[in-house]
Amino acid sequence: MFAIIMKISIIFHSYSGITRGVAEKIQAACGGDLIEVSPKTPYNKITEYTTGSMRARREEADPVEPGEIDLASADLIVIGTPVWFWKTTPVTNGAINALRNGEGKKAVLFATCGSKAGETIPIMKKTLARKGVTVIGEHVLTRRDIIEGEKVAEVVDAVKAAVGNP
Ligand SMILES: Cc1cc2nc3c(=O)[nH]c(=O)nc-3n(C[C@H](O)[C@H](O)[C@H](O)COP(=O)(O)O)c2cc1C
């Protein structure tokens, strides 16, 4: 009997910890590598709005760590982002720029937000398409959804289904 181990790369940005919490729940339930992406210049209580939101609004990408994320051995990519100014954070845009060898791979996306994700998921889909990555699942989780837990379980189920592990 052979067990086929599917490798899941769970890539996320998290400024205040909420997206990280969801990413950790996915990893706990499904396995995989957690890859936290951080800006080279960290944000603070002032610059998150003065610089961060404005860069998000213009769909700009921050220089990030790690500078390259190699997906060659990934069977499934999961990408999580907070919503800033109804868009992807500049750090997540930087993370997508940093992807390597993603051509032909599949991704499940999730965004965490206070109440409205706006254009966040469409922006991620557009930039991932340029990397040859196909989005097979998209989930928006408000603060309330995360407290209630049901939608987090839906993301976990989608990831399990994508790797054929119900
Ligand atoms: C700079 C900034 C801008 C934000 N803009 C939005 C927004 O446009 N819509 C929304 O629903 N929530 C917005 N939020 C709330 C965050 O998306 C939400 O709290 C998210 O879950 C935070 O994730 P994190 O803890 O992983 O950073 C914003 C938060 C910050 C700090």
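*Asks:* Describe the site of the ligand, listing the residues and the values that go with them.
*Replies:* The full set close to the ligand counts 21 residues, and Y15, S16, I18, T19 and P82 are the nearest of them. At the level of secondary structure, the elements contributing two or more residues to the shell around the ligand comprise α1 (18–30), α2 (47–57), β6 (76–84) and β9 (106–113). With 4 residues, α2 is the largest single contributor of residues to the shell around the ligand.

*Asks:* Could you give an account of α1, with specific residues and numbers?
*Replies:* With 13 residues, α1 should cover 18 Å at 1.5 Å per step; its first-to-last C-alpha distance of 19 Å lies within 8% of that length. Considered for burial, the residues of α1 that qualify are T19, V22, A23, I26 and C30. All buried residues of α1 lie within an arc of 100° about the axis, which places them on one face of the element. At the C-terminal side of α1, G31 shows a positive phi close to 80°.

*Asks:* Would you mind going over the packing of α1 against helix α6 (residues 150–162) in detail, with residue names and values included?
*Replies:* The geometry of α1 relative to α6 is characterised by a closest axis approach of 10 Å and an angle of 45° between their N-to-C directions. It follows that α1 is oblique to α6 by the angle criterion. As α1 packs across α6, the resulting crossing turns out to be right-handed. Judged by residue contacts, V22, K25, I26, A29 and C30 of α1 engage V152, V155, V156, V159 and K160 from α6. In terms of residue class, the contact of α1 with α6 is made up of 8 nonpolar, no polar and 2 charged.

*Asks:* Which residues make up the pairing of β6, and what values do they have?
*Replies:* Buried residues dominate β6, accounting for 9 of its 9 residues. Neither face of β6 is exposed, since L76, V78, G80, P82 and W84 on one face and I77, I79, T81 and V83 on the opposite face are all buried. Where strand β1 (residues 8–12) meets β6, 5 bridges bridge the pair, whose relative direction is parallel. Across the sheet, I11 pairs through a bridge with I79, a residue of β6. Hairpin remark: β6 followed by strand β7 (residues 87–88), antiparallel, with 2 residues in the connecting loop; positive phi at F85, about 55°.

Procedures and definitions
Residues numbered from 1 in each chain as written. Predicted model: local features only at pLDDT ≥ 70, side-chain atom pairs only at ≥ 80, totals over all residues. Near = placed C-beta within 6 Å. Helix = DSSP H or I, 4+ residues; strand = E, 2+ residues; numbered from the N terminus. Expected span 1.5 Å × (residues − 1). Buried ≥ 20, exposed ≤ 12 C-beta atoms within 10 Å, placed from the backbone. Arc of directions from axis to C-beta. Axes fitted to C-alpha atoms, helices over the stretch in contact; angles between N-to-C directions. Parallel < 35°, antiparallel > 145°, perpendicular 65-115°, else oblique. Left-handed = near helix turned anticlockwise from the far one by under 90°. Contact = placed C-beta atoms within 7 Å. Nonpolar A, V, L, I, M, F, W, Y, C, P; charged D, E, K, R; others polar. Pairing = 2+ DSSP bridges.

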